[in-house]
Structure formats: structure tokens, C-alpha cells
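Coordinates in review
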Amino acid sequence: KKRVVSGIKPTGEMTLGNYIGAISNFVKMQDEFEMFVFVADLHALTTPQDPVRLRRLVREIVMVYLACGLDPAKTKLFLQSEIAEHSMLSWVLQCHTNMGELERMTQFKDKSAEQKAKSGAIGSGLFCYPVLMAADILLYNPDVVPVGEDQKQHVEITRDIAGRFNHQHGETFVIPEDYTPEVGARIMSLQDPTKKMSKSDENAKGYILLLDEPATIIKKIKSAVTDSEGIVAYDPVNKAGISNLLTIYSVLKNQSIDASVAEFADSNYGTFKQTVGECIVEALTPIQEKFRYYQENPELVDAILDEGAAAVQPIATKNMKKVYKKVGLNRK
Ligand code: TYM
């Protein structure tokens, strides 16, 4: 079986973008691949976090993973911070990465500008963020890394770092492929459809949370920014808002964009939005019910995380030893 590794950063509540761009694909892949899915809690520290809130968000992501259908019998679920080798490998890789490469990362450019505006300073953790992500991936030698569009560049730099390390020290890492879904790799903000839907948006109307109430979901979709043309058609450049809603609908309905366009050929935007809203509610209701089940059974969640960590730890230990040996950090 080919191996798949991916993770999500616990810096906010999970959005429909996280579900469509990432989690729903993990769920589809778990039958075919050996899956390792973690919570990137160390990555959360790259921006200031309240410890109490962070602890809550970490648990929430695990419950969301489970509620969305990740099956612990097929997918190993764990916390990044509980496998110390992520940090250890990150350091070694950092010593094989150039500052210039990290400066070029678009996420760093965006987030560092935000941090600078807020506090006047840029954290070095934010700068080294992609190296930790490379360590998350390379530690397990996966074949495929499923991510949304915005994380593709980080998988690319991972490939570069791995290639360089292999070249310098001999074959060590598998060079992983990225995987982004053809439709839904970039779900856009409902309020500004030229920006991606993000949990860190200060306008809550821009995103749908997986745990949003049905009435809230319908309301947010109804107030989504569209255009004045009045024709439901797919044109991401000129009709970004409508195209985004068509994408969401098509993915959740598991049908092609063309089929959705045909379905709404005679509909006005009001009817279209109502149907899209209801479709989202229908998709999220069972997820929310399962989420509540895990919320009521926290010991189940802990057992799953313990089991996941125990399953991946030997792989991490073995690969880390190999890396230390390659660079000369092995006394015996
Ligand atoms: P994060 O937590 O920002 O996002 C988690 C996953 O959700 C995808 N995503 C989206 N997809 C489509 N439309 C959107 N609007 C949208 N918003 C988010 C992201 O692309 C991602 O796949 N650095 C990563 C976490 C990480 C990781 C890793 C991922 C750490 N180590 C190793 C893969 C492998 C991050 O912050 O994703």
C-alpha cells in the first residue's frame, strides 16, 4: 500500500474549506492507502496562541476528523507534538535549507506582513514553518501528501529539501507527490471570493464552520457576495462568487460542475443559494451529530490518539535514527 501523510493546524474552528480541500479527501483515500493524519499543533505556535484555547482546538480537530469519517482502524490519528521526532528532524532539515527559499514562500509573505503590522516583529518560527512541515512529511516517507491549493508550495519545498538531502547524504527520503482535488482545492471566502475561505478571517460571514448551526449556514450562504448578472454559470474570473457556490455544491453533491450548472439553468440566485445552503446543512448535520458523540466520550478520543501515536512512533524512531546516522550523529 502507498502511504499518505497530512495534517491540519489547530488555529481556529474547521471550515468548509478544510473539509472540501482536505478532510473529505483523506476520508476517500483511507480505503486505498496507508493513512497517517495528524494535528499540526506545533505549527499553531508560529502565531500567538492562548494555551487554553489551543488545547480545546486540538481536541476539536481530532473529533472533526472522526466525525467526518476518518476511521481509526484505517487511519492513524495523532498529535504532531507527541512524536518528538518531528521537532528533531525539523532541526536537521533546517540546516539543509536556505533563507532565500523560505523568504520566497507566499504564505510567509502574507503572514509575516500581518504579524509585522500587528506587533512590529516577525517570529522566526513563522519563517521556519515550511521546514517543520517538511519534517512532518519526510519523517514517514509517504508517497502522497493531499493538501489544498494554498499548501502546494510547501509540499514543493519539501521535495526540494528532500532532494538536496538525498544528493548530499545518499538516498534517505522518498520524494513525495502532492495531491490536490481537481474541484474544491481552493474554496473562496463568501464575502470576498477572490480570497480563500480562511478560519482566520475576521469576518465570520466569509466562512462556514463545520459546526455552524443550520440557520447560520443558510444565512451566510444567502449573504454570499455574487454579481448582478442573474445567471448561474461557472466563470471563476468574472463570476467568482457564483462559481465558488457551484464548486461547493458540486463537491458535496458528488456531481460535475456542468451537471450543477444545468440543474440551475432556470433558477434565480435566491433559489440557487437556498438549495446550496440546504445541501451544506444536509452534508454537515451527520458530521455534527457524530462530533457531539465524541464530545460526550472524550476517553474514546484519547484512546484513539494513544493508539495512533503508538503506531507511528516506531516508524519515526527508525527514520530519525537513519537521518542522524547519515549526518554523523551516531556515536555507536
Ligand atoms: P491548514 O491548517 O491551513 O489547512 C488544512 C488543510 O485544509 C486546506 N484548506 C483549504 N482547501 C480548500 N479551500 C480552502 N479555503 C482551504 N483552507 C484550507 C489546506 O490546504 C490544508 O490541506 N501547514 C498546513 C498543515 C500541515 C501539513 C503538514 C499539511 C502541517 N504539516 C504536513 C500536510 C503535510 C496548514 O497550515 O494547513
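Residue positions within a chain follow its written sequence, with the count starting from 1. Reporting in this predicted model follows two pLDDT cut-offs: at least 70 for local features of residues, and 80 or more for side-chain atom pairs to be given and counted; totals over whole chains, interfaces and linings ignore these cut-offs and use all residues. Heavy atoms from the whole structure form the basis of all side-chain values; hydrogens and water molecules are not counted.

**Considerations on the overall build of the protein chain**
The way it works is that DSSP assigns letters per residue, a run of H or I at least four long becomes a helix, a run of E at least two long becomes a strand, and they are numbered from the N terminus. For the protein chain, the helix and strand inventory stands at 13 helices and five strands. Each of the three principal axes of the protein chain carries a C-alpha extent, and together these read 75 × 45 × 40 Å. The contact criterion used is simple: two residues touch if any of their non-hydrogen atoms lie within 4.5 Å. Considering only contacts within the protein chain whose residues lie at least 6 apart along the sequence, 76% involve residues at least 24 apart. With the model as given, the accessible surface of the protein chain reaches about 15,600 Å², and the carbon-plus-sulfur share is 52%. Accessibility throughout is a Shrake-Rupley quantity obtained with a 1.4 Å probe, and a residue counts as covered only by protein chains that appear here.

**Regarding the site of the ligand**
Any residue with a heavy atom positioned within 4 Å of a molecule or strand is treated as near that molecule or strand. If you check the shell around the ligand, you find 26 residues, and the closest are Lys9, Tyr129, Asp136, Asp150 and Ile187. Ile187 places a main-chain nitrogen or oxygen 2.8 Å from a nitrogen atom of the ligand. Identification of polar contacts relies on pairs of N or O atoms within 3.5 Å, with a donor-acceptor requirement for protein atoms, meaning one able to donate a hydrogen and the other able to accept it, and with residues adjacent in sequence counted only if both atoms are side-chain atoms. Side-chain polar atom of Lys199 to an oxygen atom of the ligand: 3.0 Å apart, as the coordinates give it. Calculation on the ligand without its partners gives an accessible area of 710 Å², and the protein chains cover 98% of this total.

**With respect to helix H7 (residues 124-138)**
Residue count minus one, scaled by 1.5 Å, sets the expected span of a helix. Here H7 is 15 residues long and its end C-alpha atoms lie 22 Å apart, about the 21 Å a rise of 1.5 Å per residue gives. Within H7, 13 of the 15 residues are buried, which leaves it mostly tucked inside the rest of the structure. Partly exposed describes any residue whose relative accessible area lies between the buried limit of under 20% and the exposed limit of over 50%, with all areas from a 1.4 Å probe on protein chains only and scaled to the type maximum.

**Points about the side chain of Glu85**
Of note, Glu85 is situated in helix H4 (residues 85-94). A residue counts as positive if it is Lys or Arg and as negative if it is Asp or Glu; His and the chain ends are not included. Counted as salt bridges are all cases of a side-chain nitrogen of Lys or Arg within 4 Å of a carboxyl oxygen of Asp or Glu. It turns out Glu85 is buried and unbridged, and the closest side chain with the opposite charge, Lys321, is 8.5 Å from it. There is a polar contact of 3.0 Å between the side chain of Glu85 and the side chain of Gln313. Beyond its immediate sequence surroundings of up to four residues, Glu85 is in contact with Leu139, Gln313, Ala316, Thr317 and Met320.

**What about the nonpolar core?**
By size, the foremost hydrophobic cluster in this structure holds 61 residues, and its most contacted members are Leu16, Ile23, Tyr65 and Ile280. Domain delimitation in this document rests on an assignment produced automatically or drawn from a domain database. Of the residues that make up this core, three or more belong to each of domain 1 (3-180 + 298-327) and domain 2 (212-292). In this view, Leu16 contacts Met197, Ile208, Leu210, Ile248, Ile280 and Leu284; residues no more than four positions away in its chain are not counted. Judged by nonpolar contacts, the second largest core, of 31 residues, contains Phe36, Phe108, Ala135 and Phe173. We define the nonpolar core as a collection of buried residues of types Ala, Val, Leu, Ile, Met, Phe, Trp, Tyr and Cys that are connected through side-chain atoms lying within 4.5 Å of one another.

**Describing the side chain of Lys220**
Mapped onto the secondary structure, Lys220 falls in helix H9 (residues 214-222). One polar contact links Lys220 to Asp212, side chain to side chain, over a distance of 2.7 Å. Lys220 has contacts with Leu190, Ala204, Lys205, Tyr207, Ile208, Leu209 and Asp212, leaving out every residue within four places of it along the chain.

**Points about the pattern of salt bridges**
Scanning all chains against the criterion turns up eleven salt bridges. A salt bridge links Asp31 to Lys74, with the nearest nitrogen and oxygen atoms 2.8 Å apart. On the criterion of sequence distance, the pair formed by Asp31 in the loop between helix H1 (16-29) and strand E2 (34-39) and Lys74 in the loop between helix H3 (51-67) and strand E3 (75-79) is long-range, its members being 43 residues apart. Under the relative-accessibility criterion, Asp31 is labelled exposed at 52%. A salt bridge links Glu60 to Arg56; the nearest nitrogen and oxygen atoms lie 2.8 Å apart. Of this pair, Glu60 and Arg56 both sit in helix H3, four residues apart, which is roughly one turn of the helix. Under the relative-accessibility criterion, Glu60 is labelled buried at 12%. Taking the relative accessible area as the measure of exposure, Arg56 reaches 37% and is therefore partly exposed. One salt-bridge network, held together by shared partners, links Glu13, Arg56 and Glu60.

**Structural notes on the pairing of E2**
Taken across its six residues, E2 has five buried, putting it largely inside the fold. Where strand E1 (residues 3-8) meets E2, six bridges bridge the pair, whose relative direction is parallel. Bridging from a neighbouring strand, Ile8 pairs with Val39 of E2. With the strands aimed away from the viewer, a crossover counts as right-handed if its path from the first strand over the helix to the second runs clockwise. In this region the chain leaves E1, passes through H1 and returns to the parallel neighbour E2; the handedness of that crossover is right-handed. When DSSP finds two or more bridges between two strands, those strands count as paired. Of the strand pairs in this sheet, E2 and E3 are connected by five bridges, and their pairing is parallel. Within the sheet, the bridge partner assigned to Val37 lies in E3 and is Leu77.

**Some thoughts on the domain arrangement of the protein chain**
When the domains of the protein chain are assigned, the result is domain 1 (3-180 + 298-327) and domain 2 (212-292). At the junction of the two partners, domain 1 supplies ten residues and domain 2 supplies eight residues. Carbon and sulfur atoms supply 86% of the area buried between domain 1 and domain 2, which totals about 800 Å² over both sides. Where domain 1 meets domain 2, there are zero residue pairs in polar contact (both at pLDDT 80 or more). Residue contributions to the side of domain 1 that touches domain 2 peak at five residues, all from H3. Taken together, the residues of the side of domain 1 that touches domain 2 break down into eight nonpolar, one polar and one charged. In short, buried area is how much 1.4 Å probe accessible area vanishes from two parts on joining, totalled over both. Polarity classes work like this: nonpolar for Ala, Val, Leu, Ile, Met, Phe, Trp, Tyr, Cys and Pro, charged for Asp, Glu, Lys and Arg, and polar for all others, with Gly in that last group.

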